[in-house]
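Here is what each chain is made of, one letter per residue.
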Amino acid sequence: MPSVSLRPTNWIREDVIFFSQHGPFPAYLKRFHLSDSDYCCCGRIGTSLHYATECNYAVSWHMTKPAPNFEQEWLKRVANNLVSRQKIRGIIKFISENRDLFRPP
């Protein structure tokens, strides 16, 4: 489990939503019984990583998908890369503005 730092960061709302995975993601909503399904409308489990790497509806912001054993390292690199964080912000804004598009049929 990562440790908490008291050092301030310059993260905006979209950064926090993506990296905490607490937001408009079907997997999160199902975990807290706010939705009946954890699937994205494209048929895969709707996590933040899914939208950033493989969802057909977020192709404009796709990044290379990490191997499962490198997901934590990938997240650290994305968090420290301004261009990657801009992509993340675009994904979160798009999902927030088009929530109905990302709900399963």
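Our subject is the structure that appears above.
What comes next is a walk through the structure. All of these numbers come straight from a predicted model, not from anything done at the bench.

Reading guide: rules and limits
- Residues numbered from 1 in each chain as written.
- Predicted model: local features only at pLDDT ≥ 70, side-chain atom pairs only at ≥ 80, totals over all residues.
- Heavy atoms only, no water.
- Helix = DSSP H or I, 4+ residues; strand = E, 2+ residues; numbered from the N terminus.
- Buried < 20%, exposed > 50% of the residue type's maximum accessible area, 1.4 Å probe, protein only.
- Contact = heavy atoms within 4.5 Å.
- Core = buried A, V, L, I, M, F, W, Y, C linked by side-chain atoms within 4.5 Å.

### Some remarks on the side chain of S84
Here is step 1 of the chain: Mapped onto the elements of the fold, S84 is located in helix 5 (residues 82-97).
Here is step 2 of the chain: Judged by relative accessible area, S84 falls into the buried class, the value being 14%.
Here is step 3 of the chain: Not counting chain neighbours up to four residues away, the residues in contact with S84 comprise M63 and V78.

### Focus on the nonpolar core
Here is step 1 of the chain: In terms of nonpolar packing, the biggest core is built from 19 residues, with F18, F25, Y51, A52, W74 and I88 touching the most fellow members.
Here is step 2 of the chain: Those elements that provide at least two residues to this core are helix 1 (13-20), helix 3 (48-53), helix 4 (71-79) and helix 5.
Here is step 3 of the chain: Sorting elements by how many residues they give to this core places helix 5 first, with four residues.
Here is step 4 of the chain: Apart from residues no more than four positions distant in its own chain, F18 is found in contact with F25, S48, L49, A52, W74, L75, I88 and I92.

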